[in-house]
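Here are the chains, one letter per residue:
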Amino acid sequence: MCQHPGVGLNNDIARSHLETLLERISGQEKALPDAQGQYFVKTEGAGFFARVDGEDVPVIRVFSVVAKDVEKSPELLESLNEINGALSFVRTMWSGGQVMIEGESIALSTDLSEFTQICRTVAMASDHFGPQIVQQHGGKPFFEESKEASYEPLEPKHPGYL
């Protein structure tokens, strides 16, 4: 199989860039991925995941798991569609028994300010919709349980959702 020159290089640079962003916002010395290439990070008192997807144009994905062990149903998917209609810059989805809220950006052009804003937008949407999803559709809250005692929900100050 012929590989295009530089295809893996952009992805490697994007992962290194993501690690630097994660280290700066979390204060951790070295950001390390898990076996699936995802990074778990706590910032501003709550836990998030981040990863890089794509080869030619790598994308940074920041997401929270708002509920685990949720069964897929037409009612759940309808609720997620309604929530997505109220969101901007992030979306909610079901995958593998989990409900997640995710934001993304082009990896190689994401600066610290933009990355921080993606994390905050994901957190605001998770704070608002996560408990509602668990209450209506079951599952175990994950984002809520990732919060430290010092966590304070952010007030929306931009058109991120609602």
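Right, let's walk through the structure included here. These figures come from a predicted structure and were not determined experimentally. (Residues numbered from 1 in each chain as written. Predicted model: local features only at pLDDT ≥ 70, side-chain atom pairs only at ≥ 80, totals over all residues. Heavy atoms only, no water.)

Along the backbone of the chain there are four helices and six strands. Its helices and strands in sequence order give the chain the pattern α-β-β-β-α-β-β-α-β-α, from N to C terminus. In the chain, buried positions account for 43% of the 162 residues. The contacts of the chain with a sequence gap of at least 6 include a subset with a gap of at least 24, amounting to 66%. Summing over all exposed atoms, the chain offers an accessible surface of approximately 8,900 Å²; the carbon and sulfur share of this is 50%. (Helix = DSSP H or I, 4+ residues; strand = E, 2+ residues; numbered from the N terminus. Buried < 20%, exposed > 50% of the residue type's maximum accessible area, 1.4 Å probe, protein only. Contact = heavy atoms within 4.5 Å. Areas by Shrake-Rupley, 256 points an atom, 1.4 Å probe, with all protein chains shown as cover.)

Quick look at the pattern of salt bridges now. Taken as a whole and judged by the stated rule, the model has 11 salt bridges. Salt-bridge contacts for Asp 53 lead to Arg 51; the nearest nitrogen and oxygen are separated by 2.9 Å. A relative accessible area of 24% means that Asp 53 is categorised as partly exposed. Residue Asp 69 is joined to Lys 140 by a salt bridge in which the shortest nitrogen-to-oxygen separation is 3.0 Å. (Salt bridge = Lys/Arg side-chain N within 4 Å of Asp/Glu carboxyl O.)

Further remarks concern the pairing of strand E5 (residues 98-106). Residues in a regular strand project their side chains so that they alternate between the two faces of the sheet. As defined by bridge partners, strand E3 (residues 59-68) adjoins E5 across eight bridges and the pair is classed as antiparallel. Within E5, the position partnered with Phe 63 by the bridge is Glu 102. Relative to E5, strand E4 (residues 90-95) runs antiparallel, the two sharing six bridges. Within E5, the position partnered with Val 90 by the bridge is Gly 103. Where E4 folds back onto E5 in an antiparallel hairpin, the turn is made up of two residues, including Gly 96, whose phi is positive at roughly 55°. (Pairing = 2+ DSSP bridges.)

Counting 35 residues, the largest nonpolar core has Phe 48, Val 62 and Phe 115 as the members making the most contacts within it. When contributions to this core are tallied by element, the ones reaching two or more residues are helix H1 (7-26), strand E1 (39-43), strand E2 (46-53), E3, helix H2 (74-86), E5 and helix H3 (112-137). Sort the elements by how many residues they give to this core and H3 lands first, with nine residues. Ignoring sequence-local partners within four residues, the contact set of Phe 48 consists of Tyr 39, Phe 40, Val 41, Thr 43, Val 62, Phe 63, Cys 119, Val 122, Ala 123 and Phe 143. (Core = buried A, V, L, I, M, F, W, Y, C linked by side-chain atoms within 4.5 Å.)

The quantities given are spatial measurements derived from coordinates; they are silent on function.
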